Amino acid sequence: MLRHEPWSAERASGIIADHVHLEGATLPILHALQETFGYVDSGAIPLIADALNISNAEVFGCVSFYHDFRKAPATGRHEVKLCRAEACQAMGSDALHREILGRLGCDWHGTAKDGSAHVEPVYCLGLCANGPAALVDGEPVAHLTADALEAALTEVRQ
Amino acid sequence: MSVTLYIPRDAVALGLGANKVARALFAGAERRGLDVTIVRTGSRGLFWLEPMVEVATKEGRVAYGPVTLKDVDDLLDAGLTTGGDHALRLGDPETIPFLAKQQRLTFHRCGVIDPVSVEDYRAHGGYRGLENALKLDAEGIVAAVRESGLRGRGGAGFPAGIKWNTVMLAKSEQKYVVCNADEGDSGTFADRMMMEGDPFNLIEGMTIAAVATGATRGYIYLRSEYPQAFETLKEAIVNGVKAGVLGENILGSGKTFHLEVRLGAGAYICGEETSLLESLEGKRGIVRAKPPIPALKGFLGKPTLVNNVMTFTAVPWILENGAKAYADYGMGRSLGTLPIQLAGNIKHGGLIELAFGITLREVIEEYGGGTRSGRPVRAVQVGGPLGAYFPDHLLDTPLDYEAMAAQKGLVGHGGIVVFDDTVDMAAQARFAFEFCATESCGKCTPCRIGATRGVETMDKVIAGIRPEANLKLVEDLCEVMTDGSLCAMGGLTPMPVMSAITHFPEDFRRAGDLPAAAE
Ligand SMILES: Cc1cc2nc3c(=O)[nH]c(=O)nc-3n(C[C@H](O)[C@H](O)[C@H](O)COP(=O)(O)O)c2cc1C
Ligand code: SF4
Ligand code: FES
């Protein structure tokens, strides 16, 4: 289960201050913000820009370049990342993903109809000899099936 | 007396329920009045046997696997803690042929030791390489790396000694050592296994590099898809500083090396070294034009040594056992061992460390045992998403940089992905373009626009719209991308595409030839 704090500029400023001393602090800051709030609020951009003495555009460009950073709060209770890369394809991931998305009633980057999860594509999780593979709230799942995912979504909820 | 059980915390083992198995074993032993200590290790890389549980007995280690939750009580009743007999008993893990036939120079500790314990690492030969390095001057260390013949394992196969020498000779008050742990290639997991199973091997290799080049700071740029490796590395670094093998005055030598792990953010292109450095500096991962090379102007404009995890982790062995001993493995100009990763539709997948020169067929048949589906092998992609698809008649090609190149393929990071006869190669070719379109950094037109055009054109081929003419278009597009791209993302995407078209032409003409009007 993902638990996040509601956005707070004050809290964000504190997180940013904790990281400004790092060389190349932008990504560590963005990761820390996303871990705390579940996404990177647009209100964080000028705060980061100020703290690092770079332009808003540079920070925004960074947020939008990387697949990991969300610009809006995640709406599902769990985060499911399904591997779409070749080794998992060789184990039938394409058909499996159609089934999973069908059951959840959403598309890639979308949220399941019942709100149980949002689904993101990833390209390889390093579980390529045991595909199809997924990460559910950061926990690896090998030999994935649609039933196993359903079970995982119910189980981690507890 | 307490019995020690070894249970992997490698991501594959976790993905197959290792945490639940560990908890159940502990609880079950307690109920039976058995005193057990559980050590969480990395994996030995026999992935079809995970979770593999090992128990320390008087006769050495005894393995059981694959252990699922429902086996636990049965195993304990069969006397697992004393190596008792059971259908899942594998015996001494090192006698399992898959492992026994390997030449594990780099991976010999992985899956054996407690990954975050400096003490355990040293008890298994760790830090002898650095100790030897500290007796040499910088030139001596670089000479050992050069004479070992070690080539970069990240994909390009560039001689490590030459790069180390360039950074060593660069004049600067600050230099950096950066480990490329972005491991984005599908079908590869050697870096992940090493970071989860023997992170001090990487830390030692990077420390030797720092001593040789005069760098005092280092970063491991780790992909965010590896949360377990991230935790293990952070824990190992904290323990390393405490034990005096990182930070100030390493092993009493007066040398300093500060090491930090940094997370990427889900961008394949950040595995390209200049894009990686941009990302590490906190920018978008846009590829830099070379020159200047990172060895002279890298992180924050300072001389920076960038190597792959497998490159760094080969070094401690080389410094411990000598350059000559390492160069005795391998063939031609591909010396030493290659950690091969066997993946996809394969019965016995996992990590196979062997001297260069073994053929693809030997790996797939003798180690892999054929496909997991039981169907015939049809295509094999070697070297990640930018690598070629090999048909059956090319499977006797040896894994060797030059031999693979001669067949218009590449070794890359050593990943082998097996497909059975249900594969549709036109779909695979389309995917190669799609992946490039998704992951392109956007700096140059052939890649940014070409990949999208490639997807559109492949869609027409697949739909049967003038397949011959459109395949010709794909071919032209590939030529433009090969010749005109700034980096290998756009430059090598044609490799999987063209190998699929060349070796599996029938898959591109399935829909027949629809009338041109359908376009
Ligand atoms: C698109 C692209 C992706 C790459 N991904 C990786 C990677 O994930 N890991 C890696 O070590 N090298 C990767 N490389 C190669 C690096 O640019 C570079 O050659 C390597 O880090 C040098 O280290 P080595 O000499 O030890 O191999 C990639 C290159 C390209 C063009
Ligand atoms: S080839 Fe692609 S990824 Fe490489 S620099 Fe050009 S646009 Fe960027
Ligand atoms: S390709 Fe799916 S985990 Fe590597």
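Every value quoted in this text rests on a predicted model; they were computed, and no experiment measured them. (Residues numbered from 1 in each chain as written. Chains lettered and ligands numbered in written order. Predicted model: local features only at pLDDT ≥ 70, side-chain atom pairs only at ≥ 80, totals over all residues. Heavy atoms only, no water.)

Before going further, it helps to examine the domain arrangement of chain A. Partitioning chain A into structural domains gives domain 1 (9-65) and domain 2 (78-157). Taken over C-alpha atoms, the centre of domain 1 of chain A sits 29 Å from the centre of domain 2 of chain A. (Domains from an automatic or database assignment.)

Before going further, it helps to examine the environment of Arg151(B). All names here are of chain B. By secondary structure assignment, the location of Arg 151 is in the loop between helix H7 (138-148) and helix H8 (160-169). In sequence terms Arg 151 and Lys 163 are twelve residues apart; their C-alpha atoms lie 9.9 Å from each other. Filtering out sequence-adjacent residues up to four positions away, Arg 151 remains in contact with Gly 157, Phe 158, Pro 159, Ala 160, Thr 311, Arg 333, Ser 334, Tyr 401 and Glu 402. (Helix = DSSP H or I, 4+ residues; strand = E, 2+ residues; numbered from the N terminus. Contact = heavy atoms within 4.5 Å.)

For the rest of this paragraph, the subject is the sheet that holds strand S14 (residues 377-382) of chain B. Residues and elements named next belong to chain B. One open sheet holds the five strands; their spatial order is S13-S12-S16-S14-S15, and the pairing between them is mixed. Single-partner strands in this sheet number two, and they are strand S13 (350-355) and strand S15 (389-390). Of the strand pairs in this sheet, strand S12 (residues 337-344) and strand S16 (residues 415-420) are connected by four bridges, and their pairing is parallel. Counted as the bridge partner of Ala 343 is Val 417 from S16. (Pairing = 2+ DSSP bridges.)

A separate point is the packing of helix H6 (residues 93-104) of chain A against helix H7 (residues 146-155) of chain A. Two quantities define a packed helix pair, namely the angle between the axes and the distance from one axis to the other. All names here are of chain A. H7 packs onto H6 with a crossing angle of 45 degrees between their chain directions and a minimal axis gap of 9 Å. In terms of axis orientation, H6 runs oblique to H7. In the packing of H6 onto H7, the handedness of the crossing is right-handed. Residue-level inspection shows Leu 96, Glu 99, Ile 100, Arg 103 and Leu 104 of H6 in contact with H7, the latter providing Ala 146, Asp 147, Leu 149, Glu 150 and Leu 153. The class makeup of the residues in the contact of H6 with H7 is six nonpolar, no polar and four charged. (Axes fitted to C-alpha atoms, helices over the stretch in contact; angles between N-to-C directions. Parallel < 35°, antiparallel > 145°, perpendicular 65-115°, else oblique. Left-handed = near helix turned anticlockwise from the far one by under 90°. Nonpolar A, V, L, I, M, F, W, Y, C, P; charged D, E, K, R; others polar.)

Turning our eyes to something else, we now look at H7(B). Residues and elements named next belong to chain B. Within H7, burial applies to Ile 141, Val 142, Ala 143, Ala 144, Val 145 and Ser 148. Those residues of H7 that are buried lie in contact with helix H6 (128-135), H8, helix H10 (199-213), helix H13 (309-321), helix H14 (323-327) and strand S11 (334-335). Residue Gly 149 follows H7 closely and has a positive phi angle near 80 degrees. (Buried < 20%, exposed > 50% of the residue type's maximum accessible area, 1.4 Å probe, protein only.)

Now for helix H9 (residues 190-197) of chain B. Most of H9(B) sits inside the fold, with eight of its eight residues counted as buried. The set of residues buried in H9(B) consists of Ala190(B), Asp191(B), Arg192(B), Met193(B), Met194(B), Met195(B), Glu196(B) and Gly197(B).

All names here are of chain A. In the structure shown here, the tally under the stated rule is 19 aromatic pairs over all chains. On the basis of an interplanar angle of 65 degrees and a centroid distance of 5.2 Å, the ring pair of Trp 7 and Phe 37 is categorised as edge-to-face. Remark: Phe 37 occurs in helix H2 (residues 26-37) and Trp 7 occurs in the segment before helix H1 (9-19); sequence separation between them is 30 residues. Given the relative accessible area of 3%, Phe 37 is considered buried. (Phe/Tyr/Trp six-rings, centres within 6.5 Å; stacked < 30°, edge-to-face > 60°.)

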